[in-house]
Amino acid sequence: MVATVLRLRYRLLGNSLSRSPWQLVGFVFGMLAAVWLVGLVVAGLVAVSIFQDLDATRAIAVVAGSALLLGWTLGPLIVSGADGTVDADRLAPFPFSQRQLMLALTGTGLTGIPGIATALAALASVVLWVRWPLAAVVALPMAIVAVLTCVLFSRLVTTVTTGFSGRRRGQEVIGTIVIGLLIMTGPILTGVLGLVDAAGDLTARLGVAGTILGWTPIGAAWAVPGDVAAGDGFAALCKLAIAVGTLAALWFVWARALHSAAGTRPRPTTRTVKSGALGLFGVMPTGGVGATWARSLNSWLRDPRYLRQLIFIPLFPALFAFTGGVDGAMFGASAVVVALILAISTYADISYDGTAFASVLSSGVAGRADRWGRTLGAGTVGVPAVIAIAVVVAAITGTWDRLAAVLGGSLGLLLVGYGVSAVSSALLVVPVPRAGDSPFKTVPGQTFASGMLVFLVMGACLLLGAPAVILAIVSMTTASAALGAVALAVGIVVGAGAIVAGVIVGGRILDHSGPGLLQRIKAFPI
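Residues numbered from 1 in each chain as written. Predicted model: local features only at pLDDT ≥ 70, side-chain atom pairs only at ≥ 80, totals over all residues. Heavy atoms only, no water.

Before going further, it helps to examine the confidence of the model for the protein chain. Low-confidence regions, as indicated by low pLDDT, have predicted coordinates that should not be scrutinised in detail. Across the protein chain, pLDDT averages 78, with 75% of residues at or above 70. The low-confidence segment residues 163–167, where pLDDT is below 50, has 9 contacts with residues more than four positions distant or belonging to other chains. Here residues 263–269 is a poorly scored stretch, pLDDT under 50, and it has 5 contacts once near neighbours within four places are set aside; other chains count. (pLDDT = per-residue confidence, 0-100. Contact = heavy atoms within 4.5 Å.)

See below:
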């Protein structure tokens, strides 16, 4: 039965690729990327086996193997629905025993592109131990144990998170949180390692990390050959027990999770809404501006594609604090950086509507009303966020005398950006992730030219916001509070003027370009 499932899996994959040229292109690029990565890994392993001593080899093997397991564990959270051809829900109607189901799922995990690439890289790790023949013999079965551990970890995470991440909103929220954690991993490690001066050079730090991870379920399988090479048979046996015990424990826990999930699959639920409850549409003013404002604000508060930008906002001050300290210039300018990012976030706002933009055109809302509504929706969340960051940074650093200047530069950039976006989004649509797509998914149809458009918009924002930014910089360098107040006034006035001009010009353009924008959106590859 397991062999039958694998054959059906590849038949489904072949049918899918034959129907969609874009999927075929993505599959080919995925294979090429996997081959390239495996080649790099093999080259690195050969270099380590030639130029490094036993201690360095042991540390590199354990740390790299632990990182590989971490990638398999986070994979189901980041790339939701990466391979939905065979999963527990699809196999549930068939007369499989639980053991057969688990073997089939394990087999599909091993025979996908990530599984094949991982297996090849793990088997190639035997080359690390060619100078110690007995360790090389032991490394082969331990590589198999390590690969199976990766696959079982991945399957267990997928099963456990099905109740939440099986829903589209859960997938997007989890993916966003994981992206944020990955963004902060580097700065956090940099800060921590910078404090541990006593640990010595990188090799010594890797040695400490490898020693610790080798005694955990994460890296035990990769540590056994190193202990054999070092002649420490007792440690090798202990770590072998940990590795095999981890594999058995994962199988047992996964079986229990599958059994529990079989009886608690999410059932469709209906939500009762109070009669007359219109949400934001009942709060905002009536008319085209109010309706568009409510719809835009709903997107900023509920659509994860917009929410990602808000969730990442606190990460930038934290990033600058870890890398440059709270006394650094970048941390003090966090509000300005965040303002620039939010300013360009709506440069092609209509693209996120997708084909639903047809309902906007059919509603008869004037272009100017649409521009005002989208600008007010973005400003409702963007302006308070920038002000909050500026105030919090000033409170942490104690630079209250610079607050007016920082607010002037940041609000100037933000408001000018809204004016520029009111025009650019009436002219431009670009391929964007669809609702429910993974944050890491490559969007079909993206080109170098479309990717450069955002820098064009950014340049326009910087040019128009230059008066307020320059005054803010001069105010902070000269410690002039009066000049900071002038920068704030200039930023608000220039920004408000840019918004009014952008809404007028963008509204006129949208009245003529709306049908063409919809036609271009429909032409994007799926």
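So, next bit.
In this section: the packing of aromatic side chains. Enumeration over the complete set of coordinates arrives at 5 aromatic pairs. Ring centres 5.0 Å apart and planes at 65° place the aromatic pair W300 and Y306 in the edge-to-face group. Y306 sits in the buried class, given a relative accessible area of 5%. One aromatic cluster is present, built from ring pairs that chain together W300, Y306 and Y352. (Phe/Tyr/Trp six-rings, centres within 6.5 Å; stacked < 30°, edge-to-face > 60°. Buried < 20%, exposed > 50% of the residue type's maximum accessible area, 1.4 Å probe, protein only.)

This brings us to helix α13 (residues 288–302). Relative to the 21 Å expected for 15 residues at 1.5 Å per residue, α13 spans 21 Å between its end C-alpha atoms, a close match to the ideal helical length. Taken residue by residue, α13 has G290, T292, W293, A294, S296, L297 and W300 as its buried positions. Buried positions along α13 lie against α14 (304–312) and α19 (367–397). (Helix = DSSP H or I, 4+ residues; strand = E, 2+ residues; numbered from the N terminus. Expected span 1.5 Å × (residues − 1).)

A few words now on the nonpolar core. Formed by 46 residues in total, the largest nonpolar core has its most connected members in I313, L342, Y347 and V386. Those elements that provide at least two residues to this core are α13, α14, α17 (334–344), α19, α20 (403–427), α21 (448–464) and α23 (481–522). Per-element tally for this core: the top contributor is α20, with 10 residues. If near-sequence neighbours (up to four positions away) are discounted, V386 is found in contact with A335, V338, A339, L342, S410, L411 and L414. The next biggest cluster of nonpolar side chains, apart from the first, holds 25 residues, and it includes M102, A146, W222 and L247. (Core = buried A, V, L, I, M, F, W, Y, C linked by side-chain atoms within 4.5 Å.)

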